[in-house]
Amino acid sequence: MQRIFSGVQPTGNLHLGNYLGAIRNWVRLQGEYECIFCMVDLHAITVWQDPKELIRNTREVAAGMIAAGVDAEKHIVFNQSMVPAHAQLAWVFNCVARIGWLNRMTQFKEKAGKHKENASVGLFAYPNLMSADILTYKATHVPVGEDQKQHLELARDTAQKFNSDYGVDFFPLPEPLIFGAATRVMSLRDGTKKMSKSDESDYSRINMTDDADTIALKVRKAKTDLHPMPDTMGALDERPEASNLIGIYAALADRDKQDVLHQFAGRQFSEFKAELVDLAVSVLAPINDEMKRLTADTSHIDAVLRRGAERADAIAAPILRDVYDIVGFLRP
Ligand code: TRP
């Protein structure tokens, strides 16, 4: 069976974009692959995290994934810092990947902004840690969004350079599994911006912890335009907010965007929004309830993560040991 590794940063609330863009896809991959899902807390601290918040978010993201249907018994769910091989292999990759390669990473440029000199060294080396995440399990497939494709290319280049520098056929070259553009969820306040946990306005997103009333309020307040729903996909190009809401409806209903558009063509937004609220609540409320149950007692989720980490370590540690032998480190 082929092996998947994927990571999510435990920084801030899970929202609808995380659910439709990542978590739901992970749930669906479980039948076909052996899956390893990781809360990447080491990646999180490449920018400042309040320690209490980081722990809280690590538990919340894990609970959200499990509530949404990730099976932590059949597959592996854990947090990155519990398995030492990630940081250990990242160091080796810091010595394999080239500065020139990392200089080309667009996410670093975006995140570091104008103050590149002031960014953490970890933020610059972030992609090497990501390569280590994947390769310390010899994962064959990695579900990623468009924004992570470049990092995955780097992981392949690094695997290849390691293999050729040391004259071994050790690391597989991991393949991306990219999910369709339909899952790109945009802000409810601005249809041209991605739905994000860092947006100042909580009305820009639907959080996985929002109750039914909050979801209804946010959908009702979502930005629209003055025209009724169009009947052609082409007409949506100029109407980012309409396009986003139709896209969310289609994703939640697991239907074609075109098909949803036909259903609502010519109708007013108020009518459409009422139906969107019902649909969103029907999908999210059960997940919300289960998340509450799972996070009520932190000892339960902590035990799940600890058990996941033990199983992850059992795969990663021997692979890391082989790497150390290949590199020429004396055994302890
Ligand atoms: N960089 C990814 C993101 O921000 C998270 C991540 C870390 C990841 N390690 C990974 C994703 C390994 C896939 C595989 O979304």
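I will try to describe carefully the structure that is included in this document.

Thresholds applied
- Residues numbered from 1 in each chain as written.
- Predicted model: local features only at pLDDT ≥ 70, side-chain atom pairs only at ≥ 80, totals over all residues.
- Heavy atoms only, no water.
- Helix = DSSP H or I, 4+ residues; strand = E, 2+ residues; numbered from the N terminus.
- Buried < 20%, exposed > 50% of the residue type's maximum accessible area, 1.4 Å probe, protein only.
- Polar contact = N/O pair within 3.5 Å; in protein donor to acceptor, adjacent residues only side chain to side chain.
- Contact = heavy atoms within 4.5 Å.
- Core = buried A, V, L, I, M, F, W, Y, C linked by side-chain atoms within 4.5 Å.
- Domains from an automatic or database assignment.
- Axes fitted to C-alpha atoms, helices over the stretch in contact; angles between N-to-C directions.
- Parallel < 35°, antiparallel > 145°, perpendicular 65-115°, else oblique.
- Left-handed = near helix turned anticlockwise from the far one by under 90°.
- Nonpolar A, V, L, I, M, F, W, Y, C, P; charged D, E, K, R; others polar.
- Salt bridge = Lys/Arg side-chain N within 4 Å of Asp/Glu carboxyl O.
- Pairing = 2+ DSSP bridges.
- Right-handed = clockwise from strand over helix to strand, strands pointing away.
- Phe/Tyr/Trp six-rings, centres within 6.5 Å; stacked < 30°, edge-to-face > 60°.
- Expected span 1.5 Å × (residues − 1).
- Bend = angle between axes of the 7 residues up to and from the residue.

### A short note on the side chain of Q148
Inspection of the secondary structure puts Q148 in the loop between β4 (141–144) and α8 (149–165). Since its relative accessible area comes to 13%, Q148 is described here as buried. Within the structure, Q148 has its side chain in polar contact with the side chain of H151 (distance 2.8 Å). Non-local contacts of Q148, meaning those with residues more than four positions away in its chain, are made with Q107 and M130.

### Focus on the nonpolar core
Counting residues in each nonpolar core, the largest one holds 60 residues, and the members touching the most others are L16, Y19, M39, M65, L252, F272 and L276. Of the residues forming this core, the biggest block, 11 residues, is contributed by helix α13 (residues 269–296). Looking at this core, you find at least three residues from each of domain 1 (3–178 + 297–327) and domain 2 (202–293). M65 has contacts with V8, I23, W26, F37, M39, V70 and V77, leaving out every residue within four places of it along the chain. In terms of nonpolar packing, the next biggest core, distinct from the first, is built from 37 residues, V142, F162, A312 and A316 among them.

### Considerations on the packing of helix α7 (residues 121–135) against α8
Where α7 meets α8, the axes come as close as 9 Å, and the angle between the chain directions of the two elements is 70°. On the basis of their axis angle, the class for α7 and α8 is roughly perpendicular. Once α7 is placed against α8, the crossing between them reads as right-handed. Facing α7, whose interface residues are Y126, P127, N128, M130, S131, I134 and L135, α8 presents H151, L152, L154, A155, T158 and A159. Within the contact of α7 with α8, the residues separate by chemical class into 9 nonpolar, 4 polar and no charged.

### Details of the pattern of salt bridges
The final tally for this structure, using the stated rule, is 23 salt bridges. We note a salt bridge from D254 to R28, for which the minimum N-O separation is 2.8 Å. Within this pair, whereas D254 is found in the loop between α11 (240–253) and α12 (257–264), its partner R28 is found in helix α1 (residues 16–29), the two being separated by 226 residues in sequence. You can call R28 partly exposed: its relative accessible area is 41%.

### Thoughts on the pairing of β4
By the alternation rule, side chains of β4 split into H141 and P143 and V142 and V144, which are all buried. Pairing analysis gives 4 bridges linking β4 to strand β5 (residues 175–178), with the strands arranged parallel. Looking at β5, one finds that V144 is bridged to I178. On the question of chirality, the crossover connecting β4 to the parallel β5 by way of α8 is right-handed.

### Some words on the packing of aromatic side chains
Here a ring pair, both rings aromatic, is described through the centre-centre distance and the interplanar angle of the planes. Counting across every chain of the model gives 13 aromatic pairs. Between F162 and Y166, the ring centres sit 4.9 Å apart and the planes meet at 45°, which makes this aromatic pair tilted. Ring centres of F162 and F170 lie 6.4 Å apart, and the angle between their planes is 50°; on these two criteria the pair is classed as tilted. With relative accessibility at 13%, the residue F170 sits in the buried group. Taken together, the ring pairs connect F93, F162, Y166, F170 and F171 into an aromatic cluster.

### Section: α1
If you check α1, its first and last C-alpha atoms are 19 Å apart, about what 14 residues at 1.5 Å a residue would give, namely 20 Å. Of all the bends found along α1, the most pronounced is centred on I23 and spans about 35°. For α1, the buried fraction is high: 10 of the 14 residues fall into the buried class. Taken together, the buried positions of α1 are L16, G17, N18, Y19, L20, I23, R24, N25, W26 and L29.

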